[in-house]
Amino acid sequence: MTLTGVLWPRGDGEMAARIRDFGWAATPLGPIEGWSQGLSVAVNMILAMPGPANILWGPAHVQLYNDAYIAIARDRHPELLGRPAAEGWPEIHAAVLAPVMEAALAGRATRIADLCVTLLGPDRQPEERAFDTTWSPIPDGADGFGGALEILMEVTDRRRTQAALRESEELRRIALESGGMGAWRWDTRSGLVRADDAFQALWGVSFSDALHPASVYADLMYPEGAASLAAVTAKPIVPEQEFQDQVQVAIGPNAGRWIQWRGRAERDRPWIINGVSFDITAQHLVQQRLREGEARLHRVLDGMGEGFGLLAPDFTILEHNHEALRLDGRRRDEIVGHSQWEAYPGSEHSEIGRLLKQAMFEREPAALEHRYTWADGRAYWLDMRAYPTSDGTLAVFWRDVTDRKHVEDALRTERDRSAKILESISDAFYAVDAEWRFTYVNGEAEAWWGRDRQDLLGKVFWEEFPQAIGSESYKAHLRAAETREVVRLEAMSPILNHWVDISIYPTADGGLSVYFRDMTRKKQVDDTQAILVAELQHRTRNLLGVVRSVAQQTLRTSASLDEFRTAFNERLGALSRVQGLLSRAGDEPITMDRLIRSELDALGAADIPERVTVQGPKVRLRKGTVQTLALALHELATNARKYGALTTDSGQLRVAWRTYTDETGRRLVMDWREIGLVRQREEQSPTKRGGYGRELIERALPYALQARTSYNLGETELLCTVDLPLTEGAAPKTSAQ
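Notes on the structure follow. (Residues numbered from 1 in each chain as written. Predicted model: local features only at pLDDT ≥ 70, side-chain atom pairs only at ≥ 80, totals over all residues. Heavy atoms only, no water.)

1. Regarding the sheet that holds strand E5 (residues 110-120)
- With antiparallel pairing, five strands are arranged side by side in an open sheet as E4-E3-E7-E6-E5. At either end of the open sheet lies a strand with only one pairing partner, and these are strand E4 (62-65) and E5. Here the strands of the sheet are splayed against their neighbours by 30° on average, with no regard to which way each runs.
- In terms of strand pairing, E5 meets strand E6 (residues 126-139) through nine bridges, oriented antiparallel. (Pairing = 2+ DSSP bridges. Helix = DSSP H or I, 4+ residues; strand = E, 2+ residues; numbered from the N terminus. Axes fitted to C-alpha atoms, helices over the stretch in contact; angles between N-to-C directions.)

This is how it looks when you write it as structure tokens:
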């Protein structure tokens, strides 16, 4: 495989090549190019490790391993690569590997000591081997955890050592419990021995007379035994001189038996030696086996891959194996026989010293991981375990776990990086495993839900949020879990009661990673935009109808084209002003005061404030009312300027309005009053001859707005009253309807 033109995984080892060439597309892991960053980093790590390590990945627990692991796999290699662990290790999968993977996919590390597995030995015969293993969860990018990385340390030799120690203790017990003792009296001058029956039984002889020559027993011994017996009489015997030796019976029914004899010369007659003999065959056998066991134990200890030391109750170092010496970088005589505190200055009050004292004094096993710096500056992470023994000593094992700590640090850094990314994004995020249990919740989701995320971890999604069951979001989650495909949708969240945009991604461990963001504001904007477009289309149709009607009415009442042009432009100006008001209606409500002043200001009423009075409460108008009412006000204001009160220097215009309520609802009444009119010729007054303005007031307003109107023109005064509904009643009609 190549990544951006580089061969991957790199390395010239056997497993690097096998991983590169393996047909991963046919496995649950899929093509190697699509592996997550977490898996890729973990593969690089195990291939660089000198000790055995392997990876189990995904729900199928697919296995990858390094070169050092081949010695463990032996006959199962290379078939283990790319296979589910249930097939590669069926004997331990259900009891060991499955629980370990369940913990790893939940983000928890596991340590297993003395894991026993039956494997083929170098002679192709089954043998039980033991391992200390550590399993670290591997992050799968931003999607939680995808697998576990295992570092193994074989401790078979250590177990055999412990078994040998137990066997030695048993042999010692047997030796102490063994019996058999005979008494004798030896006259070295006469060479005669008086022996009891027990003594004779030790040698396998039976004499009727208890007194017989010592040479009888010498003849039953091996030459070296007879020589030690002869040496007793070779020199003058000192009073109360003591003698002892161990001899073996060479011939007779008790051949092979070991006998220890012990005697003391009498004070007054030193040539007489009184003594006893013991059957020490069992003890001798025990000692022999102990010597053999100790030799074997030393070979085992020196062949171990971890350091071993034995401490006396006063913390004198009794033993250090080869691995311990290698880690120390010192000779055996520089350590063994010295005090722990002298051999390792400063250790008495360190974490290691507290561990050793705790195990020694409390007689309970103790363990510790500790970063230790040697005198030459080398630093190691050591995994130490101390076990009290029955004879009061303390057996201490330690091993270098620096590689594993580096792996754990790298995995922790990867986890922290992923967590920082998830905490920095603006989207809410959560992850669930294959059982719908929360494995991660970021701060944004915590804030949206109003739930403590630590309280949610490990709990079932649908039990914590049952109101979501049956919703579109719920169905989308199920679809993503079943199809293992990405699902996206916009839906109303029953948890938040908001519109949300949801993206659901299946993860390698069978779970889901879910991102969501609040779309309520966007939905509101979209809905408002749709309403505005519909309103614009409606207004455009209405406006075109109004313009058509205005054009027709203006043309009908105009005497010439110039008169039509002037009147039509003025009325279009009024429509333009009211459209301006309508366009700002969302920010500035259209009130009666604004509408009237807009028309009067367009005719210059602001220049004669002493003659124009506008008075009334603040009344908000319905949008459907504004356009038609504005045209009517425009006609009244235009007539006032051209033919009415504003044509003279003394005329007055008073516009007042009020509101009231009757059986039809809330209503508005406006009085338009002009005072000081000058009587005009009949043909000059469009209001007299039924012009467009009066027709608009008396016919269009009642029809379009359900208004009640009156128009009274006197000799010197005009009063126009418009009474229209402010609340929704019958739908207003427009020229376009």
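2. With respect to the packing of aromatic side chains
- Under the defined criterion, the tally for this structure stands at 29 aromatic pairs.
- Aromatic pair Tyr430 and Phe461: ring centres 5.2 Å apart, planes at 35°, arrangement tilted. You can see Tyr430 sitting in strand E19 (residues 428-432) and its partner Phe461 sitting in helix H17 (residues 461-464), a full 31 residues away along the chain. Neither residue differs from the other here; Tyr430 and Phe461 are each classed as buried.
- Aromatic pair Trp462 and Tyr474: ring centres 4.7 Å apart, planes at 80°, arrangement edge-to-face. Taken together, the positions of Trp462 in helix H17 and Tyr474 in helix H18 (residues 472-483) put the pair twelve residues apart, joining distant regions of the chain. We note that Trp462, like Tyr474, is buried.
- Above the face of the Trp271 ring, Arg189 is positioned so that its terminal group lies 3.5 Å from the ring centre.
- Its guanidinium or amino end placed over the ring of Trp341, Lys357 lies 5.5 Å from that ring's centre, counting from NZ or CZ. (Phe/Tyr/Trp six-rings, centres within 6.5 Å; stacked < 30°, edge-to-face > 60°. Buried < 20%, exposed > 50% of the residue type's maximum accessible area, 1.4 Å probe, protein only. Lys NZ or Arg CZ within 6 Å of the ring centre and 35° of its normal.)

3. Remarks on the sheet that holds E19
- As summarised here, the arrangement of the five strands in space is E20-E19-E23-E22-E21, forming an open sheet in which the pairing is antiparallel. Two strands bound the open sheet, and with one partner strand each, they are strand E20 (438-441) and strand E21 (487-493). Between one strand axis and the next, the sheet turns by 20° as a mean value, whatever way the strands run.
- Where E21 meets strand E22 (residues 498-506), seven bridges bridge the pair, whose relative direction is antiparallel. Bridge pairing in E22 places Ala491 opposite Val500.
- Sheet strands touched by H18: E19, E21, E22 and strand E23 (512-518). Its angle to E21, the strand with the most contacts, is close to 160°. (Contact = heavy atoms within 4.5 Å.)

4. A short note on the pairing of strand E13 (residues 272-279)
- Pairing geometry for strand E8 (residues 181-187) and E13, over seven bridges, is antiparallel. If you follow Trp186 over to E13, its bridge partner there is Ile273.
- As paired strands, strand E12 (residues 258-265) and E13 are joined by seven bridges and run antiparallel to one another. Following the sheet pairing, Ala265 is matched in E13 by Ile273.

So far we have only geometry, and geometry alone does not tell us how the molecule works.
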